[in-house]
Protein chains: 4
Amino acid sequence: MTSQIRGVIPPLAIPLKDGELDVASLERHINRLIAAGLHGLFVSGSTGEVAFSTTERRAQIQREVVRIVDGRVPLLVGVIDTETERVLDNIRAVEAVGGAAGVVATAPFYALGGETEIERHLRILAESTDLELWAYDIPVCVHTKLSPDLLLRLGRDGVLAGVKDSSGDDVSFRWLARANEAAGRPLRLLTGHEVVVDGAYMSGADGSVPGLANVDPEGYVRQWQAYERRDWEAVRTEQDRLADLMRIVQVKGVQGFGAGVGAFKTALHLLGVFDSSEMPRPVGALEGDNVEHVASVLRTVGLLS
Amino acid sequence: MTSQIRGVIPPLAIPLKDGELDVASLERHINRLIAAGLHGLFVSGSTGEVAFSTTERRAQIQREVVRIVDGRVPLLVGVIDTETERVLDNIRAVEAVGGAAGVVATAPFYALGGETEIERHLRILAESTDLELWAYDIPVCVHTKLSPDLLLRLGRDGVLAGVKDSSGDDVSFRWLARANEAAGRPLRLLTGHEVVVDGAYMSGADGSVPGLANVDPEGYVRQWQAYERRDWEAVRTEQDRLADLMRIVQVKGVQGFGAGVGAFKTALHLLGVFDSSEMPRPVGALEGDNVEHVASVLRTVGLLS
Amino acid sequence: MTSQIRGVIPPLAIPLKDGELDVASLERHINRLIAAGLHGLFVSGSTGEVAFSTTERRAQIQREVVRIVDGRVPLLVGVIDTETERVLDNIRAVEAVGGAAGVVATAPFYALGGETEIERHLRILAESTDLELWAYDIPVCVHTKLSPDLLLRLGRDGVLAGVKDSSGDDVSFRWLARANEAAGRPLRLLTGHEVVVDGAYMSGADGSVPGLANVDPEGYVRQWQAYERRDWEAVRTEQDRLADLMRIVQVKGVQGFGAGVGAFKTALHLLGVFDSSEMPRPVGALEGDNVEHVASVLRTVGLLS
Amino acid sequence: MTSQIRGVIPPLAIPLKDGELDVASLERHINRLIAAGLHGLFVSGSTGEVAFSTTERRAQIQREVVRIVDGRVPLLVGVIDTETERVLDNIRAVEAVGGAAGVVATAPFYALGGETEIERHLRILAESTDLELWAYDIPVCVHTKLSPDLLLRLGRDGVLAGVKDSSGDDVSFRWLARANEAAGRPLRLLTGHEVVVDGAYMSGADGSVPGLANVDPEGYVRQWQAYERRDWEAVRTEQDRLADLMRIVQVKGVQGFGAGVGAFKTALHLLGVFDSSEMPRPVGALEGDNVEHVASVLRTVGLLS
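You'll find chain A entered in an unreviewed UniProt entry as Dihydrodipicolinate synthase family protein, with Schaalia meyeri given as the organism. On record in UniProt, under Sequence similarities (unreviewed entry), the comment for chain A is "Belongs to the DapA family."

Engineer: Got a sec to walk through the relation of the copies chain A and chain B? Specific residues and values, please.
Structural biologist: For these two chains of identical sequence, chain A goes onto chain B by a turn of 180° and a shift of 0.0 Å along the axis, with RMSD 0.0 Å. Taken together, the rotation angle and the small translation identify this as a two-fold axis. Comparing interface residues between copies, 100% of those in chain A also lie at the interface in chain B; the contact surface is shared.

Engineer: Break down unusual backbone geometry for me, citing the residues and quoting the values.
Structural biologist: The linkage connecting Arg281(C) with the following residue, Pro282(C), adopts the cis geometry, with an omega of 5°. Relative to the assigned elements, Pro282(C) resides in the loop between helix H11 (257–270) and helix H12 (289–300). Look at Arg230(A): it is not a glycine, yet its phi comes out positive at around 60°. Mapping Arg230(A) onto the fold places it in the loop between helix H9 (217–228) and helix H10 (232–245).

Engineer: Let's hear about the sheet that holds strand S1 (residues 7–8) of chain A: which residues, and what values?
Structural biologist: Residues and elements named next belong to chain A. With respect to topology, eight strands assemble into an open sheet ordered S1-S10-S9-S8-S7-S6-S5-S4, the strand pairing being parallel. Single-partner strands in this sheet number two, and they are S1 and strand S4 (41–43). When S4 meets strand S5 (residues 75–78), the two strands line up parallel, connected through three bridges. Bridge pairing links Val43 to Val77 in S5. With respect to the sheet, helix H2 (residues 55–69) is in contact with S4 and S5, its orientation differing from that of S4 by roughly 160°.

Engineer: Give a description of the interface of chain B and chain C that names residues and reports values.
Structural biologist: Counting residues at the interface gives 29 residues for chain B, matched by 28 residues for chain C. Of the roughly 2,700 Å² buried between chain B and chain C on both sides combined, carbon and sulfur atoms contribute 51%. Of all residues in chain B, Arg174(B), Trp175(B) and Met202(B) give up the largest surface area on contact with chain C, accounting jointly for 27% of the area buried on that side. The partner of Glu233(C) in a salt bridge is Arg230(B), with the nearest N and O atoms 3.5 Å apart. Looking at the side of chain B that touches chain C element by element, the count peaks at seven residues for helix H10 (residues 232–245) of chain B.

Engineer: Account for the packing of aromatic side chains, naming residues and giving values.
Structural biologist: On inspection of all chains with the given rule, the structure shows 30 aromatic pairs over all chains. Arranged with centres 5.6 Å apart and planes meeting at 75°, the rings of Phe42(D) and Tyr136(D) form a pair that is edge-to-face. In this pair, Phe42(D) is assigned in strand S4 (residues 41–43) and Tyr136(D) in strand S7 (residues 132–137), connecting sequence segments 94 residues apart. Between the aromatic rings of Tyr227(D) and Trp232(D), the centroid separation amounts to 5.6 Å while the plane-to-plane angle is 55°, which identifies the pairing as tilted. We note that Tyr227(D), like Trp232(D), is buried. Put simply, the rings of Phe109(A), Tyr110(A), Phe109(B) and Tyr110(B) pair up and form one aromatic cluster.

Engineer: For the interface of chain A and chain B, give the residues involved together with the corresponding values.
Structural biologist: Contact with chain A, which involves 41 residues of that partner, is made by 41 residues of chain B. Between chain A and chain B, roughly 3,600 Å² of surface is buried when both sides are summed, and carbon and sulfur atoms account for 58% of that area. In terms of surface lost to chain B, no three residues of chain A exceed Arg86(A), Tyr110(A) and Pro282(A), which account for 24% of the buried area on that side. Connecting chain A to chain B are four salt bridges. Between Arg281(A) and Glu85(B) there is a salt bridge, and its shortest N-O distance comes to 2.8 Å. Our count for the contact surface shared by chain A and chain B stands at 15 residue pairs in polar contact (both at pLDDT 80 or more). Mapped by element, the contributors of at least two residues to the side of chain A that touches chain B are H2, helix H3 (84–97), helix H4 (115–127) and helix H5 (139–142) of chain A. The dominant element in the side of chain A that touches chain B, judged by the number of residues it contributes, is H3(A), at five residues. In terms of residue class, the side of chain A that touches chain B is made up of 18 nonpolar, 14 polar and nine charged.

Engineer: Can you explain the environment of Ala183(D)? Please cite residues and give values.
Structural biologist: Residue and element names in this part refer to chain D. For Ala183, the location among the structural elements is in the loop between helix H7 (170–182) and strand S9 (188–191). Given a relative accessible area of 27%, Ala183 falls into the partly exposed group. Remark: the alpha-carbon pair of Ala183 and Thr144, spanning 39 residues in sequence, is separated by 25 Å.

Engineer: Quick one: what's the story with the side chain of Glu49(D), residue by residue and with numbers?
Structural biologist: Residues and elements named next belong to chain D. When you line up the elements, Glu49 lands in the loop between S4 and helix H2 (55–69). On the basis of relative accessibility, which here comes to 3%, the residue Glu49 falls in the buried class. Beyond its immediate chain neighbours, meaning those up to four positions away, Glu49 contacts Ile14, Leu16, Phe257, Lys265 and Pro280.

Engineer: Please set out the pattern of salt bridges residue by residue, giving values where relevant.
Structural biologist: In this structure the tally under the stated criterion is 120 salt bridges over all chains. With its nearest N and O atoms 2.9 Å apart, the salt bridge here joins Asp275(C) to Arg28(C). On the criterion of sequence distance, the pair formed by Asp275(C) in the loop between H11 and H12 and Arg28(C) in helix H1 (residues 23–35) is long-range, its members being 247 residues apart. The class for Asp275(C) is partly exposed, based on a relative accessible area of 38%. The closest approach of N and O atoms between Lys265(D) and Glu49(D), which form a salt bridge, is 2.9 Å. Taken as a pair, Lys265(D) in helix H11 (residues 257–270) and Glu49(D) in the loop between S4 and H2 lie far apart in primary sequence, 216 residues in all.

What counts, and at which threshold
Residues numbered from 1 in each chain as written. Chains lettered and ligands numbered in written order. Predicted model: local features only at pLDDT ≥ 70, side-chain atom pairs only at ≥ 80, totals over all residues. Heavy atoms only, no water. UniProt positions renumbered as here; feature names shortened; annotations may be inferred. Least-squares fit on C-alpha atoms with pLDDT ≥ 70 in both. Contact = heavy atoms within 4.5 Å. Helix = DSSP H or I, 4+ residues; strand = E, 2+ residues; numbered from the N terminus. Pairing = 2+ DSSP bridges. Axes fitted to C-alpha atoms, helices over the stretch in contact; angles between N-to-C directions. Buried area = accessible area lost by both parts, 1.4 Å probe. Salt bridge = Lys/Arg side-chain N within 4 Å of Asp/Glu carboxyl O. Phe/Tyr/Trp six-rings, centres within 6.5 Å; stacked < 30°, edge-to-face > 60°. Buried < 20%, exposed > 50% of the residue type's maximum accessible area, 1.4 Å probe, protein only. Polar contact = N/O pair within 3.5 Å; in protein donor to acceptor, adjacent residues only side chain to side chain. Nonpolar A, V, L, I, M, F, W, Y, C, P; charged D, E, K, R; others polar.

What follows is the structure, encoded as structure tokens:
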């Protein structure tokens, strides 16, 4: 019953052209990722602009990804929305398109509540579908931290298949990993923090969901392989390089999504994978010195000549 | 060009029965509000469970409200969603149903950004519709405060018709009111803080959007009328009574929406307006001692015998 | 047993010269405040740079203020420090200097705790002294909000004589005022929010502690007198003017204490009350355009020609 | 010029008896730590109840520690206070007692400011003393995060000898470590997060300041030795054990310092090192089930039979 998903599962960045999905770039991007040896894809995550995509656009993205991937790697699909009924609608939409191994949901957001409501929310979602349910712990977006106790309880009860941890709370992650270990590992634990994946592997993570793997999939795959053979010096050396690469997000005058995903798309454009670095409205693409900054970092780590 | 909306505009609480909209209770509720002399209704606000309602449910609520109100008071309708394209879809849905004077949007949420993105967001929304656009300043839900400078600039430019302020920042509200006054009052300013509406009226607010007016519409109408004739002692005496009534939300073991809107629905059920105090999933209705607490407060202020 | 302190009690701004207390400016400043009719002084508050003053400096300031005031108005003195034993040392120092009607303490800060620790802290302080103990509710500095329930309980038990509320939470303040009223008014309630004192008076405040009264004491005294005779239109008109004056703090490139107290000192220097606008290390005085901004606001409201 | 301090440097927990320093327990405690092979001590840190200690008590603690340690390991001493002049007083007091290799200061707290003030603050401190100046990055107490850029600049300029990072931001720590490496390692970087020291070692930390090392010094020393010989499997296995031990802090009904340091003292009392688990006022010692919880965890990891 344990999920088969482990390894490096990037949250897929989405190429746009004039506000539309750029399918040609998407195809190039996915094929490059799979060629690099990635173990799965997370579609419609935060990086995958789930918050910016209409219901139709989410379905279109899933459809195209399923077609392009064609079963080569498993897919997780984000069903992120404010509250239960809206997430249920999203789950039904994901099922209608088909091709997903699991869905990924956050704690409810916008309306405030407590852990009781979060637990009910996740239990209702799990009961509604045969797909794996993954919890997405991302307080920077939903302003609630999922507690290790809650996650483990839901893992033991078969509600959750796994957790994508983007909480930035490595102490909590370690305790969750320890408790999961003691309980027979009902949960798959993936980290979303691309700069310190090595620390998460030390904690016993089952893999990573690094946004930066959109830019350098080989690096994260090499790191995973080193982890699999317990070559920790290789794990950390690779991480140092990837931490240096992550400096592409340190742009000026732009914050949050526009800086982070903006830098990923700019890098993919500079690398010739995306035809454009276009961002979803109301966010602007990086410009001028910020593009030069991204290029400079890419050159420093040897990805651009 | 100035909006005609002023006075007391409650955010409509929504009666449910077995997960469905309870139209009979809704009809009773709206007719009671209008009979009390309220000046408009805010449909699908935070209190109006916008975050819990699917796209279909939002349209159904709007349809029924428009039918019941039948033009007796103007309607604002919430189009709250994470980012621009999703809000645009919501605006088109509100237009399709018809009957609204304006739509109400928040800053983008879930994905982080800065003021540049918020400004673009609101400008794009305004360009897409002939309905009035109102800004909803509710950092407790969207985790960004709209700055007075931004709001005034958008008011002057005709982007915004008004602001519903639920920021809890009365200093900022005063400065916004002063700047709006100096600019010839392009914006209508409504406060959402039912416990200190008198302070907002001192600041020059054009009205209020008190969730508690679902429970005691007459109180807020009397207060507004006293304000209109500058009878400040009556304004504050009424406010003291309403502040005491607001203690219905001080329940135990429940937080946020479940406590606040839970208490409103419980009170409306106790008052015989709603057939039930049912809450949208995953939130539970208040129970046991918490119901007794609400009843006790209602008795203290003379609403229940 | 109720405190005699009510009315306008400004937190005294402190003139410096080459890092030393500028006694001549202090004398001019205090005499101007008392001439304007203020009802007391709060020495060594946040505005009064308590956080920047060594133990010796705090005693020196208190000594000079006591000498200059010479019993004309009552004094509250801040004993602000991280935890109980340190505050007790400060209380003993205030008693040693003499001349204070009461001491003002915050919740413990730096080390985290809960309400249990805050309650014990305040009870220990009260038992140690015959001076009035005032609670200073200032979460922006100590990162804990004092709950109305706790404050009222400590008022009823004779632990606290009053509260200086700088919490920015006007809903909580209203509830505290209502509960205090119902309990026979054991607490004196003063607001620290100079921009919305009128709202606090609507809530039943016993006075205000406006930093801005250092700059325009007459305005706050006129407002208090209007409140005493329930001339609410005068209360709010005066508040509008003071809200406009408070724009002196809206400077560029400086945040927090440096902006707020920096603007007060700059204004007092421009008005000829302080010989300099010097700030305590490591904070710099306002310069260039920021000084011009302060002057411009002073001219707009008619304090500078 | 690089600091000689590296390895495991615990923040010394302080035994109390009837509110006084329990010198006999302190002697036992320090000798046990040094016997375990620890590489230095951090006196008057957050764990070392700096916020609860009067000026006299801080000096007394330093005096006794210096006497007991007698030069066997180097000492860092906390000079934590709200703003510059107060910290300077503390530095002079530390110098007067003597025996310290360096002093440890945080960003200013209580009064708000920006990075400009923090930088000035640290530069003024460094100019005032020949002791090493260490920055203590602890936003949970001072509510400001020290940026990697600032820290590195101050390291390069010889202002700072090192950083104790208790920020919980492992991404920022990695970037700081990378930048420090590129700059020739002017800074010593120690982590304060006892549950994930292995991750910090992966990032290239020069050591750790684990509060939990008060309880199990041998574990942290073994981990450091494994790190020194790059035996990463041993590093992480030891960390897993220490993460399990850290569960002593997961007590009920107590928060923050009372839970964390309360658990350390309770464990030291159970282990026979401290004569009592007494806490500084206003904090209470752990009681009843919480003591049993601590004992149970100690037994689970084999420290108690």
